[in-house]
Amino acid sequence: MVTRIWEGRTKIEHSETYTKIIRERDIPDYKKTKGFTGLKFLNRSDDQYTYFKLLTFWKDFDAIVNFTGPNMESPKHYDSDKSYLLDFPGKVSHYTVFAQ
């Protein structure tokens, strides 16, 4: 199993809207991908920002490529993300799960 980790942040006033988008758009998109096995979406807020961290779990690296295309190191962004996300990290991290 492989864990893929993505991070982003929004202004605090966009937190609820972006959370709703994640639930309605992103999560169904992950779930329809062959080899996807689960996810944990985390967030925390301070006075100005909400920070998101997404951990997705995949059967193997080929499953991630099914979702991302050939460059699995690049985050998958959607057009509307530009309206909410303040950062667009250039890479995501991948870790092999060796124990649970």
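Just above sits the structure.
Keep in mind the model is a prediction, meaning the values are calculated, not measured.

### Focus on empty space enclosed by the protein
Picture a little ball the size of a water molecule; that probe, rolled over the atoms, points out where space is still empty.
For step 1, the next point in the chain: Evaluation of the coordinates by the stated rule reveals 1 cavity of 30 Å³ or more.
For step 2, the next point in the chain: Computed from the structure, the largest cavity encloses a volume of approximately 150 Å³.
For step 3, the next point in the chain: Contributing to the lining of the largest cavity are 16 residues, with W6, D26, Y30, L54 and K76 lying nearest its centre.
For step 4, the next point in the chain: At the level of secondary structure, the elements contributing two or more residues to the lining of the largest cavity comprise β1 (2–11), α1 (15–31) and β3 (49–58).
For step 5, the next point in the chain: Here the lining of the largest cavity takes 4 residues from α1, the largest share from any one element.
For step 6, the next point in the chain: For the lining of the largest cavity, the class distribution of residues is 9 nonpolar, 2 polar and 5 charged.

### A short note on the pattern of salt bridges
For step 1, the next point in the chain: Across all of its chains, the model carries 7 salt bridges by this definition.
For step 2, the next point in the chain: A salt bridge links K20 to E24, with the nearest nitrogen and oxygen atoms 3.9 Å apart. Of the two residues, K20 and E24 both sit in helix α1, 4 residues apart, roughly one turn of that helix.
For step 3, the next point in the chain: Through salt bridges that share partners, R25, D26 and D81 make up one connected network.

### What to know about the packing of aromatic side chains
For step 1, the next point in the chain: Under the defined criterion, the tally for this structure stands at 8 aromatic pairs.
For step 2, the next point in the chain: With a centroid separation of 6.2 Å and 40° between ring planes, the pair formed by Y18 and Y84 is classed as tilted. With a gap of 66 residues between them, Y18 in helix α1 and Y84 in the loop between α2 (61–68) and β4 (93–96) connect regions that are remote in the sequence. There is no split in this pair, since Y18 and Y84 are both buried.
For step 3, the next point in the chain: Seen from their ring centres, Y49 and Y51 are 6.1 Å apart, and the 65° between their planes marks the pair as edge-to-face.
For step 4, the next point in the chain: What makes Y49 partly exposed here is its relative accessible area of 22%.
For step 5, the next point in the chain: Clustering of aromatic rings is evident, with ring pairs tying together Y30, F36, W58 and F67.
For step 6, the next point in the chain: Note that R9 overlies the ring of Y49, its terminal NZ or CZ placed 4.3 Å from the centroid.
For step 7, the next point in the chain: Sitting over the face of the ring of Y51, R44 holds its NZ or CZ atom 4.3 Å from the ring centroid.

Thresholds, definitions, all that
- Residues numbered from 1 in each chain as written.
- Predicted model: local features only at pLDDT ≥ 70, side-chain atom pairs only at ≥ 80, totals over all residues.
- Heavy atoms only, no water.
- 1 Å grid on protein atoms, 1.4 Å probe; cavity = no way out; pocket = protein on both sides within 12 Å on 5 of 7 lines; lining within 4 Å.
- Points joined across faces, edges and corners; volume = space filled by probe spheres on them.
- Helix = DSSP H or I, 4+ residues; strand = E, 2+ residues; numbered from the N terminus.
- Nonpolar A, V, L, I, M, F, W, Y, C, P; charged D, E, K, R; others polar.
- Salt bridge = Lys/Arg side-chain N within 4 Å of Asp/Glu carboxyl O.
- Phe/Tyr/Trp six-rings, centres within 6.5 Å; stacked < 30°, edge-to-face > 60°.
- Buried < 20%, exposed > 50% of the residue type's maximum accessible area, 1.4 Å probe, protein only.
- Lys NZ or Arg CZ within 6 Å of the ring centre and 35° of its normal.

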